[in-house]
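# Remarks on the overall topology
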Amino acid sequence: MVEDGVRYPFDDFVCSSVISGFCRVGKPELALGFFRNVTDCGGLRPSVVTCTALVGALCKMGRVGEVCGLVQWMEREGLGLDVVLYSAWACGYVGERVLVEVFGRMREMVEKGIGHDFVSYTVLVDGFSKLGDVEKSFGFLARMTKEGHRPNKVTYSAIMSSYCKKGKVEEAFVVFERMKDLGIELDEYVFVILIDGFGRRGDFDKVFRLFEEMERSGISPSVVAYNAVVNGLSKHGRTSEADELSKMLLRM
């Protein structure tokens, strides 16, 4: 890029990294402004990688409707779309709860000869889990496995979270046990999903057993895990225990 006699060696990787970086720090509007500046001055001819980063920025700003125009421009420019871009696009519609568009984007992707991969399936499983639609989440999980894509901790955690949102904590626990059987490494987040779920139900025997198992696994509970217990105790009227735990947290 040349501006005021200064040459800026921006390439596709650098631009994509800058756009993604602005999104990660919660400034997607700066990502969009940077993209416009770098293309308007002729410093970069965007690739599908750069455009995918921009799709993420638009979706974070709740402007998923503008992605269609970007995709049309990409096609006019001869830029091939890929599964990562479609996954980011579908994720934006999941956030807007426009499920018909989610399926529409996935169908359009397949019609263009672009097959699902681990990323696209994980987006769908996680997206529908966040919406509490465990049936659709589990359906995509089954398809994912059937096509040879092995679900990981993120995928299974999404299913667990979806079950807990519907009050099906025992089903979430079955998924938890399945993760252990498969040798998937567990982290605090996985345990907290169940601790919160059983706490909301008032099953504190399970809550404290999970706490003990987490510590035996070498995972030190953070404030997040303790807060899940405090919230459960408070909800079920065990305020003295909740107060004691809260005081302990203040001393940590």
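This one's a predicted model, so the numbers in the text were calculated from it and none came from an experiment. (Residues numbered from 1 in each chain as written. Predicted model: local features only at pLDDT ≥ 70, side-chain atom pairs only at ≥ 80, totals over all residues. Heavy atoms only, no water.)

## Some remarks on the overall build of the protein
In terms of helices and strands, the protein carries 14 helices and two strands. Its C-alpha atoms give the protein principal-axis dimensions of about 65 × 45 × 30 Å. For the protein, buried positions account for 45% of its 252 residues. Nonlocal contacts in the protein, meaning residues at least 24 apart in sequence, comprise 56% of its contacts between residues at least 6 apart. Summed over its atoms, the accessible surface of the protein is roughly 13,100 Å², and 53% of this surface lies on carbon and sulfur atoms. (Helix = DSSP H or I, 4+ residues; strand = E, 2+ residues; numbered from the N terminus. Buried < 20%, exposed > 50% of the residue type's maximum accessible area, 1.4 Å probe, protein only. Contact = heavy atoms within 4.5 Å. Areas by Shrake-Rupley, 256 points an atom, 1.4 Å probe, with all protein chains shown as cover.)

## Observations concerning the pattern of salt bridges
A full pass over the atoms with the stated rule returns 15 salt bridges. Note that Glu101 is salt-bridged to Arg105, the shortest N-O span being 2.4 Å. Note that Glu101 and Arg105 are positioned in helix 6 (residues 99-111) at a spacing of four residues, about one turn of the helix. For Glu170, the salt bridge is made with Arg201, and the minimal N-O distance between the two is 3.0 Å. (Salt bridge = Lys/Arg side-chain N within 4 Å of Asp/Glu carboxyl O.)

## Here we look at the packing of helix 7 (residues 118-130) against helix 9 (residues 153-165)
Closest axis-to-axis distance for the helix 7/helix 9 pair is 8 Å, and the angle between their directions is 15 degrees. Viewed along their axes, helix 7 and helix 9 adopt a mutual orientation that is roughly parallel. Judged by the sense of rotation from one axis to the other, the crossing of helix 7 with helix 9 is left-handed. Two secondary-structure elements touch here, helix 7 through Phe118, Thr122, Val125, Asp126, Phe128, Ser129 and Lys130 and helix 9 through Val154, Thr155, Ala158, Ile159, Ser162 and Lys165. For the contact of helix 7 with helix 9, a count of residues per class yields six nonpolar, four polar and three charged. (Axes fitted to C-alpha atoms, helices over the stretch in contact; angles between N-to-C directions. Parallel < 35°, antiparallel > 145°, perpendicular 65-115°, else oblique. Left-handed = near helix turned anticlockwise from the far one by under 90°. Nonpolar A, V, L, I, M, F, W, Y, C, P; charged D, E, K, R; others polar.)

## A closer look at the packing of aromatic side chains
On inspection of all chains with the given rule, the structure shows ten aromatic pairs. Each ring, one from Phe176 and one from Phe191, has its centre 5.3 Å from the other, and the planes form 70 degrees; the classification is edge-to-face. Here the residue Phe176 occupies a position in helix 10 (residues 169-181), and Phe191 occupies one in helix 11 (residues 188-201), the gap between them amounting to 15 residues. Across this residue pair, the class does not change: Phe176 and Phe191 are buried. Among the aromatic residues, ring-to-ring pairing joins Phe173, Phe176, Phe191 and Phe198 into one connected group. Looking at Lys206, its charged tip hangs above the ring of Phe173, at a distance of 5.8 Å from the centre. (Phe/Tyr/Trp six-rings, centres within 6.5 Å; stacked < 30°, edge-to-face > 60°. Lys NZ or Arg CZ within 6 Å of the ring centre and 35° of its normal.)

## A word on helix 10
Helix length check: helix 10 (13 residues) gives 18 Å between terminal C-alpha atoms against 18 Å at 1.5 Å per residue, within 8%. Among the residues of helix 10, Val169, Ala172, Val175, Phe176 and Met179 are the ones counted as buried. On an axial view of helix 10, the arc spanned by its buried residues comes to 110 degrees, and they lie on one face. The outward face of helix 10, more than 90 degrees from its buried face, is lined by the exposed residues Val174 and Asp181. (Expected span 1.5 Å × (residues − 1). Arc of directions from axis to C-beta.)

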